[in-house]
Amino acid sequence: MGKIVVKKDKPSSGEQEKNKLKHTKKQKKKKFWKNNPNITTQQAEIKKISAILPPKKPEEFSSNWKALQALLTSEKSSTITESTPAKPFKKEGKLPKLGRQKADPLIKENASSVSTVKEGPTNDRKPKRATEDAGTINKGSEKRRMLQAKGDEKPSKHHKKKAAETSIPETPKLDLWFDDVDPDDIEAALGPEAGHIARKMQGLPEKKSDGLDMILVKDRAFEGLTRTVAMDCEMVGVGTDGEESIVARVSMVNQFGKCIYDKYVRPTERVTDYRTEVSGIRPGNIKNGEDFKVVQKEVSEILKGRILVGHAVHNDLKILFLDHPKKATRDTQKYKPFRREVKSGRPSLKLLCEKILNVKVQTGEHSSVQDAQAAMRLYTMEKKNWESGIKAKYNKTKVEPKKMEQSFLE
């Protein structure tokens, strides 16, 4: 039988070009490796180094590796104890001792061995974790050593808050100077802070607050002039025996008990009796006081077209040489319902406050501001009944003359 000859197809031009490129690449590689023999030696070294891997079986663990693992577990437990707020720094002192005795040489040896492993082409993640933990141990031990050397502690969040609170500057205290001025009068005129400073500078004990301000003065109320005002005056004695009186202080409050006017009056005559036990006036108060005529004019302007409240207020008007319509005057001493309740023909302001307001006033030296506030509070309690009674009274007086005229004409 004849042989069958299979004719191979000749490669196309594209395939010939590909074969030529492969051939040229192989030749180039051969020339490169011949010209660079050092690269082959480096790869051999890397293969040798990559053979040194960390132990995976517990039998292969060395004593140093076991010590490092024990130290890492102790570090993790210490971080958990530090995070608890109850005992923040108790276990921290023990850890640096271990670091000083065992951690430093182990970390150096293992860090060098791990660094060699990094150069190899392995994909094992255990050596990387070991290096990260070792780095954290070094940083933590260094920080603790620095803190122990300085004797400092880590500041907690609470310490930061306290530091922020303490860093707020305190408000500076007022530097006031008083020349023999009664602290009660200062408190009545300028407020409780000024009274506190005055008592402190004069070495006097603090005044016990019995809630008078809460009862006699309305909190957060209007502080200007109102349609109704209350007035009270303090007087001193003049003449040979000090029996005659002149005005020494004038105080006025609005409908809510807020002080709107308070001035000491310079005496027009020589004072023979200051009556300090009752009036609370001292020589220093009225020495540089306001002129009497100025005070008289200012008070008369305030009273125009307003209702005046007071206790025995006719005495206050008399001492100021002023007059006020009876229709616009409300005297707590002359109000009949108060007289009946207290069972007195001429009740004192002290008695009215004790029986009606359940408040004690005028326990020591009097304050014209406080007396005016007490009179105003008594009035506001009975304002509706008081005003309705006055309207009825004056309406009757208007109706009666008309009836008389009609009867006369008939």
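Worth saying up front: this structure is predicted, and the values here are computed from it rather than measured.

Right, let's talk about the overall build of the protein chain for a bit. Within the protein chain, the secondary structure is distributed over 17 helices and six strands. Of the roughly 29700 Å² of accessible surface on the protein chain, 54% is carried by carbon and sulfur atoms.

A few words on the environment of K355. Among the secondary structure elements, K355 is positioned in helix α15 (residues 349–357). Given the relative accessible area of 52%, K355 is considered exposed. When the C-alpha atoms of K355 and E341 are compared, they prove to be 8.2 Å apart, with 14 residues separating the residues in sequence.

Together, K18, K22, K25, K26, K28, K29, K30, K31 and K34 make up a positively charged patch on the protein surface. Mapped onto the fold, K34 is located in helix α1 (residues 13–35).

Right, let's get into the pairing of strand β2 (residues 244–253). Counting buried positions along β2 yields eight of 10 residues, so the element is predominantly enclosed. Count of turn residues in the strand β1 (residues 228–238)/β2 antiparallel hairpin: five residues, of which G239 carries a positive phi of about 95°. Summarising the sheet, β2 and strand β3 (residues 259–264) pair through five bridges and their orientation is antiparallel. From the neighbouring strand, M252 faces β3, where its bridge partner is Y261.

A word on the pattern of salt bridges. Counted under the stated rule, the structure contains six salt bridges. Between R249 and D262 there is a salt bridge whose closest N-O contact spans 2.9 Å. Linking R249 in strand β2 with D262 in strand β3, this pair joins segments that are 13 residues apart in sequence. Judged by relative accessible area, D262 falls into the partly exposed class, the value being 22%. Here R266 and D291 are joined by a salt bridge, their closest N and O atoms 3.6 Å apart. Of the two residues, R266 is situated in the loop between β3 and β4 (271–273) and D291 in the loop between α11 (283–287) and α12 (292–303); the sequence distance between them amounts to 25 residues. Because the salt bridges share partners, they merge into one network encompassing K263, E290 and E298.

Of all residues in the protein chain, 60% attain a pLDDT of 70 or more, and the chain-wide mean is 75. Per-element averaging of pLDDT across the protein chain places helix α4 (residues 95–119) at the bottom with 45 and strand β5 (residues 307–310) at the top with 97. Note that pLDDT drops below 50 for residues 86–134; the model gives that stretch 54 contacts with residues more than four away or on any other chain. Across residues 171–176, where pLDDT falls below 50, the model places three contacts with residues more than four positions away in sequence or in other chains.

All right, on to the side chain of H324 then. For H324, the position within the fold is in the loop between α13 (313–319) and β6 (329–331). At a separation of 3.0 Å, a polar atom in the side chain of H324 contacts the main-chain carbonyl oxygen of R306. Apart from the residues within four sequence positions on either side, H324 is in contact with L303, R306, L308, L317 and T329.

Parameters and conventions
- Residues numbered from 1 in each chain as written.
- Predicted model: local features only at pLDDT ≥ 70, side-chain atom pairs only at ≥ 80, totals over all residues.
- Heavy atoms only, no water.
- Helix = DSSP H or I, 4+ residues; strand = E, 2+ residues; numbered from the N terminus.
- Areas by Shrake-Rupley, 256 points an atom, 1.4 Å probe, with all protein chains shown as cover.
- Buried < 20%, exposed > 50% of the residue type's maximum accessible area, 1.4 Å probe, protein only.
- Patch = residues over 30% accessible without salt bridge, like charges linked within 9 Å, V, L, I, M, F, W, Y side chains within 5 Å.
- Salt bridge = Lys/Arg side-chain N within 4 Å of Asp/Glu carboxyl O.
- Lys, Arg positive; Asp, Glu negative; His and termini not counted.
- Charge placed at Lys NZ, Arg CZ, Asp CG, Glu CD.
- Pairing = 2+ DSSP bridges.
- pLDDT = per-residue confidence, 0-100.
- Contact = heavy atoms within 4.5 Å.
- Polar contact = N/O pair within 3.5 Å; in protein donor to acceptor, adjacent residues only side chain to side chain.

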